[in-house]
Amino acid sequence: RKEVEQDPGPFNVPEGATVAFNCTYSNSASQSFFWYRQDCRKEPKLLMSVYSSGNEDGRFTAQLNRASQYISLLIRDSKLSDSATYLCVVINSGGNQFYFGTGTSLTVIP
Amino acid sequence: NAGVTQTPKFQVLKTGQSMTLQCAQDMNHNSMYWYRQDPGMGLRLIYYSASEGTTDKGEVPNGYNVSRLNKREFSLRLESAAPSQTSVYFCASSVATGPQPQHFGDGTRLSIL
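Everything in this summary refers to the structure shown in the same document. (Residues numbered from 1 in each chain as written. Chains lettered and ligands numbered in written order. Predicted model: local features only at pLDDT ≥ 70, side-chain atom pairs only at ≥ 80, totals over all residues. Heavy atoms only, no water.)

**Observations concerning the side chain of glutamine 102 of chain B**
- Mapped onto the elements of the fold, glutamine 102 of chain B is located in the loop between strand 9 (87-94) and strand 10 (103-104).
- Engagement of the side chain of glutamine 102 of chain B in a polar contact is seen with the side chain of tyrosine 35 of chain B, the distance being 2.8 Å.
- Ignoring sequence-local partners within four residues, the contact set of glutamine 102 of chain B consists of Tyr36 and Phe98 of chain A together with Tyr33, Tyr35, Ala92, Ser93 and Ser94 of chain B. (Helix = DSSP H or I, 4+ residues; strand = E, 2+ residues; numbered from the N terminus. Polar contact = N/O pair within 3.5 Å; in protein donor to acceptor, adjacent residues only side chain to side chain. Contact = heavy atoms within 4.5 Å.)

Okay, here's the thing in C-alpha cells:
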C-alpha cells in the first residue's frame, strides 16, 4: 500500500466553482502535513501547511481528519491561475521521511 | 534572492557515464534533500542531509551517492548512469527536518540513453 494516495484527476471546473481534493495516508502516526502546488514543468511550491484544527488562507482551506487518515484542500471561487497540480505531503512521526502524493491535476476553465 | 539553485538544468548522458548534479541554497537552511519525479510516481526522496556533515538514505537511494560539501551545497552523483535513472531531479532545503516546509530548486531534467 502506498504511503500517500491522491486521485490524479483531472478535475476540470469552471471559473468561480468550488473544488475539493483529498489525500489519504497509511501511517496513523504521521506527524505533519502540507499542500504544495506544481505548475507544468516547474518546481513544487508550498501552498499551505495543514493544522489539526483546520486552517484557511484566502480562498484555500486545508483540513486534517486523523480518524479517517486523510487531508483535504478546498478551493473556493476558482481562478484560471489556480490551474496546476496539487501535491500533498505527509511527514512521518520521526520527521525524517517525507512522502509526496502523485498529485491531483486541476484545470479551471473560462 | 536565489533560494535553491540547481545545475545543470538539462543533461543527456549515455548509459554508463557518470555525472554530478549540483545544488546550493542561500537561505542558511540546515537540511537539504534530493528527489526524483517520474510520471505516475510522484516525488520520491533519494537522499537527505539533516545537517552539515550528515547524510541519510531516502526511499530510492540505489545507484546514487551524495555529498554535503558544506552548509550551502549538497551534490548528487550518478556513478554509472542507467536508463532507469532518466527523470527530473529536484533539490530542496528546509530550516530543519521534521514539520518544516521545503523550498525547491527548479529541477534538472536528465535523460540517459
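**A look at the nonpolar core**
- If you look at the biggest cluster of nonpolar residues, it comprises 24 residues, and the most contacted ones within it are Phe21, Trp35, Ile71, Leu73, Ile75, Tyr86 and Leu106 of chain A.
- Ignoring anything within four residues of it in the chain, the contact list for leucine 106 of chain A reads Phe11, Val13, Val19, Phe21, Ile75, Asp82, Ser83, Ala84 and Tyr86 of chain A.
- Membership of the second largest hydrophobic core comes to 20 residues, among which are Cys23, Met32, Tyr89 and Ile112 of chain B. (Core = buried A, V, L, I, M, F, W, Y, C linked by side-chain atoms within 4.5 Å. Buried < 20%, exposed > 50% of the residue type's maximum accessible area, 1.4 Å probe, protein only.)

**Examining the sheet that holds strand 8 (residues 74-78) of chain B**
Residue and element names in this part refer to chain B.
- Ordered by their spatial adjacency, 4 strands build an open sheet running 1-3-8-7, and the pairing between neighbours is antiparallel. Edge positions in the sheet fall to strand 1 (4-7) and strand 7 (64-68), since each has one partner strand and no second. Across this sheet, the average inter-strand angle for adjacent strands is 15 degrees, counted without regard to direction.
- Sheet analysis places strand 1 next to strand 3 (residues 19-25), joined by 4 bridges and oriented antiparallel. Note on strand 3: the bridge partner recorded for valine 4 is glutamine 25. (Pairing = 2+ DSSP bridges. Axes fitted to C-alpha atoms, helices over the stretch in contact; angles between N-to-C directions.)

**Some points on the state of the cysteines**
- Taken as a whole and assessed by the stated rule, the structure comprises 2 disulfides over all chains.
- Across a sulfur-sulfur distance of 1.9 Å, cysteine 23 of chain A and cysteine 88 of chain A are joined as a disulfide pair. With the S-S bond torsion at 60 degrees, the cross-link from cysteine 23 of chain A to cysteine 88 of chain A turns out right-handed. In this pair, cysteine 23 of chain A sits in strand 3 (residues 19-25) while cysteine 88 of chain A sits in strand 9 (residues 84-91), placing the two residues 65 residues apart along the sequence.
- Here cysteine 23 of chain B connects covalently by a disulfide to cysteine 91 of chain B, the sulfurs 1.9 Å from one another. The chirality of the disulfide connecting cysteine 23 of chain B with cysteine 91 of chain B is left-handed, given an S-S dihedral of about -75 degrees. One end of the pair, cysteine 23 of chain B, is in strand 3; the other, cysteine 91 of chain B, is in strand 9, with 68 residues separating them in the sequence. (Disulfide = S-S within 2.5 Å.)

**Some details on the environment of glutamate 79 of chain B**
Residue and element names in this part refer to chain B.
- Turning to its location among the elements, glutamate 79 is positioned in the loop between strand 8 and strand 9.
- Along the sequence, glutamate 79 and glutamine 17 sit 62 residues apart, while their C-alpha atoms lie 7.1 Å from each other.
- In terms of polar contacts, glutamate 79 uses its side chain to reach the side chain of arginine 77, at 3.1 Å.

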